Amino acid sequence: MRHYEIVVIGGGPAGLAAAIEAHRNGAKSALIIERDRELGGILQQCIHNGFGLHVFKEELTGPEYAERFIHELKDMEIDYMLDTMVLELTSERRLKVMNSHEGYFEIEAEAVILAMGCRERTRGAIAIPGTRPAGVMNAGTAQRYMNMEGYMVGKRVVILGSGDIGLIMARRMSLEGAEVLAVAEVMPFSGGLTRNIVQCLDDYGIPLYLSHTVTEIKGRNRVEAVVIAQVDENLRPVPGTEKEYRCDTLLLSVGLIPENELTRGAGIEIDPKTNGPCVNEAMETSIPGVFACGNVVHVHDLVDWVTAESCRAGKYAAAYVRRTLKQDSEGFVTQAGNGIAYIVPHRVRIENVDEELTLMMRVRKVFHKAEMVIRVNGVEIRRVRKNHMAPGEMEHVSLKLAELQDFDIATVSVEVEEGGR
Amino acid sequence: MLESHQLVCISCPMGCRLTLEKDESPIGYSVTGNNCKRGVEYAITEMTNPTRMVTSTVVIEGACLSRLPVRTNRPIPKGRIMDCMELINGLTVISPVHIGQVLIKDLFGTGVNLIASRSL
């Protein structure tokens, strides 16, 4: 059986950064398994700019960001397999793998890094009533068709969901000559970055209807019209507020779900809030030696944070293989208090943290002028003032090791207090 | 009559709602609603010479994909975006193309180039 010190599942931004960092930290053999025909993952279809502001201090497009990592990887002794599918991961870190030229085979790994990313929620997941014509598609799927395969997916378009992919596609389709009639968002706020609303909708005169949803899709073979209506505070459509748009395409940008079939199959503990594995400070899952990073753990809004998190996973996976990752204690738990939806990592073994512990989290709603209160064992240790927080923008809290050293820690919690001083 | 404009600042995630009013000052406008000085800069640029990066694709022959992603190497005036798209839509390139390779030089005399944003 083939044997590697480290096997990374997925060759997108998370897998690339994790493999490179594992190699830098002394991993002698590493393999990336990628199911697509090339490395880079979703970045290859994200041809817009805005990537890399934190990591490279410049604004790159997705393919440019990917190419920097792919170059670096190819200069290292890291193996990769393309067009190759992992069918199963066992709790003993054995992988059942398949591709068209080698058939079925198994690989043994001392450490595994899960970097499978996420998938789009589909029409089925949000149960839109109406017929089932062609022309209803996920925004990310449309993005791949347009930007890589060269197909124009529609001429008159309505978009449901104001996540960043939906906003980016509104601009993309407008540039290519389509008419984007409206973007409907069921929540009273957009799930996308403000700069995308300005650059992708306002620039092209596309209206954004907050607290609106699609109530009907019309058309037999192809979409002929889409009906949107306002929703009340319980997200139920308000009768009499319907607007009908004659169009041929409905794009859905209604959220992303971490892709964790392999994770579940291995019996790894999943956090129901993130839909990703529970991880500790090392980005290690509930199975020792199995690590996870990027969108498979929790959906990120900036690839730069995926890179940072994946570098940690790669570094700690290499340490695990070298037997320098301390595995004796259970560590303390992190707790999402009022206003916080979740915190990653879920557990922290403080003895493995060097200098600083970074907690990543999302807030539950939009806050103006609020404070994040950090408590250790229920005792406040710090407040961080925030002028603006939104669920669409991931928050980070960094704690210095010195702040935590004097405690015998059982819990660290973060809570949002509105108003503040 | 007072000329007034509403803008949302995109310099950072705050999204300050800015109001611009034409006045007699050297910069020609007064800006309110901003929480920092970047808001003033953004509002003035946005009023006097708004620019945007253009990213799109061109037809590529002889590669494993049928489209090559491209971008302007610097932002171009907003009013030129659709002209730029017209040039992009008329362009066909032959593989191999290297990342950063200039495909169209000096768009509309702005000194901005159209470049390939991946190797293919």
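Residues numbered from 1 in each chain as written. Chains lettered and ligands numbered in written order. Predicted model: local features only at pLDDT ≥ 70, side-chain atom pairs only at ≥ 80, totals over all residues. Heavy atoms only, no water.

**Quick word on the overall build of chain B**
Here is step 1: Across its full length, chain B carries two helices and ten strands.
Here is step 2: The globule rule puts the C-alpha radius of gyration for 120 residues at 14 Å, and the 19 Å found for chain B is more than 25% above it.
Here is step 3: Each principal axis of the C-alpha distribution contributes one length, and for chain B these read about 60 × 30 × 20 Å.
Here is step 4: Here chain B holds 120 residues, and the buried ones make up 43% of them.
Here is step 5: Accessible surface, chain B: about 6300 Å² in total, of which carbon and sulfur atoms supply 54%.
Here is step 6: In chain B, 12 positive and 10 negative side-chain charges are present, and the distance between their average locations comes to 10 Å. (Helix = DSSP H or I, 4+ residues; strand = E, 2+ residues; numbered from the N terminus. Rg over C-alpha atoms; globule rule 2.2 N^0.38 Å. Buried < 20%, exposed > 50% of the residue type's maximum accessible area, 1.4 Å probe, protein only. Areas by Shrake-Rupley, 256 points an atom, 1.4 Å probe, with all protein chains shown as cover. Lys, Arg positive; Asp, Glu negative; His and termini not counted. Charge placed at Lys NZ, Arg CZ, Asp CG, Glu CD.)

**Describing helix α8 (residues 303-321) of chain A**
Along an α-helix, residues three or four positions apart point the same way, because every turn accommodates 3.6 residues.
Residue and element names in this part refer to chain A.
Here is step 1: Between its terminal C-alpha atoms α8 stretches 27 Å, which fits the 27 Å expected from 19 residues at 1.5 Å a residue.
Here is step 2: The element α8 is extensively covered by neighbouring structure, given that 14 of its 19 residues are classed as buried.
Here is step 3: Positive backbone phi, approximately 65 degrees, marks arginine 323, located one or two places after α8. (Expected span 1.5 Å × (residues − 1).)

**Things to note about the nonpolar core**
Here is step 1: Counting residues in each nonpolar core, the largest one holds 70 residues, and the members touching the most others are A:Ile6, A:Leu95, A:Ile107, A:Leu114 and A:Phe291.
Here is step 2: At eight residues, the largest contribution of residues to this core is made by α8(A).
Here is step 3: Dropping the residues within four chain positions of it, A:Leu95 is found in contact with A:Val7, A:Ile9, A:Ile33, A:Val86, A:Glu88, A:Leu89, A:Phe105, A:Glu106, A:Ile107, A:Ala109 and A:Val112.
Here is step 4: Listed in part, the 23 residues of the second largest apolar core include B:Cys84, B:Ile88, B:Leu103 and B:Ile104. (Core = buried A, V, L, I, M, F, W, Y, C linked by side-chain atoms within 4.5 Å. Contact = heavy atoms within 4.5 Å.)

**As for helix α1 (residues 37-48) of chain B**
Here is step 1: Under the 1.5 Å per step criterion, the end-to-end length of α1(B) is 17 Å for twelve residues, consistent within 8% with the ideal 16 Å.
Here is step 2: On its buried side, α1(B) packs onto α6 (194-201) of chain A together with β1 (4-8), β2 (17-22), β3 (29-32) and β4 (51-52) of chain B.

**Remarks on the pairing of β3(B)**
Residue and element names in this part refer to chain B.
Here is step 1: On β3, burial follows the alternation: Tyr29 and Val31 on one face are buried, whereas Ser30 and Thr32 on the facing-out side are not.
Here is step 2: Across four bridges, the pairing between β2 and β3 is antiparallel. Residue pairing across strands places glutamate 21 opposite serine 30, the latter belonging to β3.
Here is step 3: In this structure, the hairpin formed by β2 and β3 is closed by a connection of six residues, where glycine 28 is found at a positive phi of approximately 90 degrees. (Pairing = 2+ DSSP bridges.)

**What to know about the sheet that holds strand β15 (residues 225-230) of chain A**
Residue and element names in this part refer to chain A.
Here is step 1: Strand order in the open sheet made by the three strands is β14-β15-β16, with antiparallel pairing throughout. Two strands in the sheet have a free side with no partner beyond their single neighbour: β14 (212-218) and β16 (243-246). Adjacent strand axes in the sheet meet at a mean angle of 25 degrees when their direction is disregarded.
Here is step 2: Relative to β16, β15 runs antiparallel, the two sharing four bridges. In the strand pairing of β16, valine 227 is matched with glutamate 244. (Axes fitted to C-alpha atoms, helices over the stretch in contact; angles between N-to-C directions.)

**Some details on the packing of aromatic side chains**
In this description, an aromatic ring pair is defined by two values, namely the gap between the centres and the angle between the planes.
Residue and element names in this part refer to chain A.
Here is step 1: Tallied over the full model, the rule gives five aromatic pairs over all chains.
Here is step 2: When the ring of phenylalanine 56 is compared with that of tyrosine 65, the centres are 5.5 Å apart and the planes differ by 75 degrees; the resulting orientation is edge-to-face.
Here is step 3: Assessed through its relative accessible area of 26%, phenylalanine 56 is described here as partly exposed.
Here is step 4: Classification of tyrosine 65 as buried rests on a relative accessible area of 0%.
Here is step 5: Measuring from centroid to centroid gives 5.2 Å for tyrosine 65 and phenylalanine 69, while their planes differ by 40 degrees, and the two rings are tilted. Taken together, the residues span about one helical turn, with tyrosine 65 and phenylalanine 69 both in helix α2 (residues 62-74) at a distance of four residues. (Phe/Tyr/Trp six-rings, centres within 6.5 Å; stacked < 30°, edge-to-face > 60°.)

**Section: the packing of helix α1 (residues 13-24) of chain A against α8(A)**
Residues and elements named next belong to chain A.
Here is step 1: Two numbers describe how α1 lies on α8: the axes approach to 7 Å, and their chain directions differ by 40 degrees. Considering their axes alone, α1 and α8 lie oblique with respect to each other. As α1 packs across α8, the resulting crossing turns out to be right-handed. Of the residues in α8, those in contact with Pro13, Ala14, Ala17, Ala18, Glu21 and Ala22 of α1 are Val303, Val306, Thr307, Ser310, Cys311, Gly314, Lys315 and Ala318.
Here is step 2: When grouped by side-chain class, the residues that make up the contact of α1 with α8 number nine nonpolar, three polar and two charged. (Parallel < 35°, antiparallel > 145°, perpendicular 65-115°, else oblique. Left-handed = near helix turned anticlockwise from the far one by under 90°. Nonpolar A, V, L, I, M, F, W, Y, C, P; charged D, E, K, R; others polar.)

**A look at a nonpolar patch on the surface**
Here is step 1: Judged by side-chain polarity, A:Met85, A:Leu87, A:Met98 and A:Tyr104 come together as a nonpolar surface patch covering roughly 370 Å² of accessible area.
Here is step 2: In this fold, A:Met98 is placed in strand β7 (residues 94-99). (Patch = residues over 30% accessible without salt bridge, like charges linked within 9 Å, V, L, I, M, F, W, Y side chains within 5 Å. Salt bridge = Lys/Arg side-chain N within 4 Å of Asp/Glu carboxyl O.)

Fair warning: the whole summary comes from geometry, so function is off the table for now.
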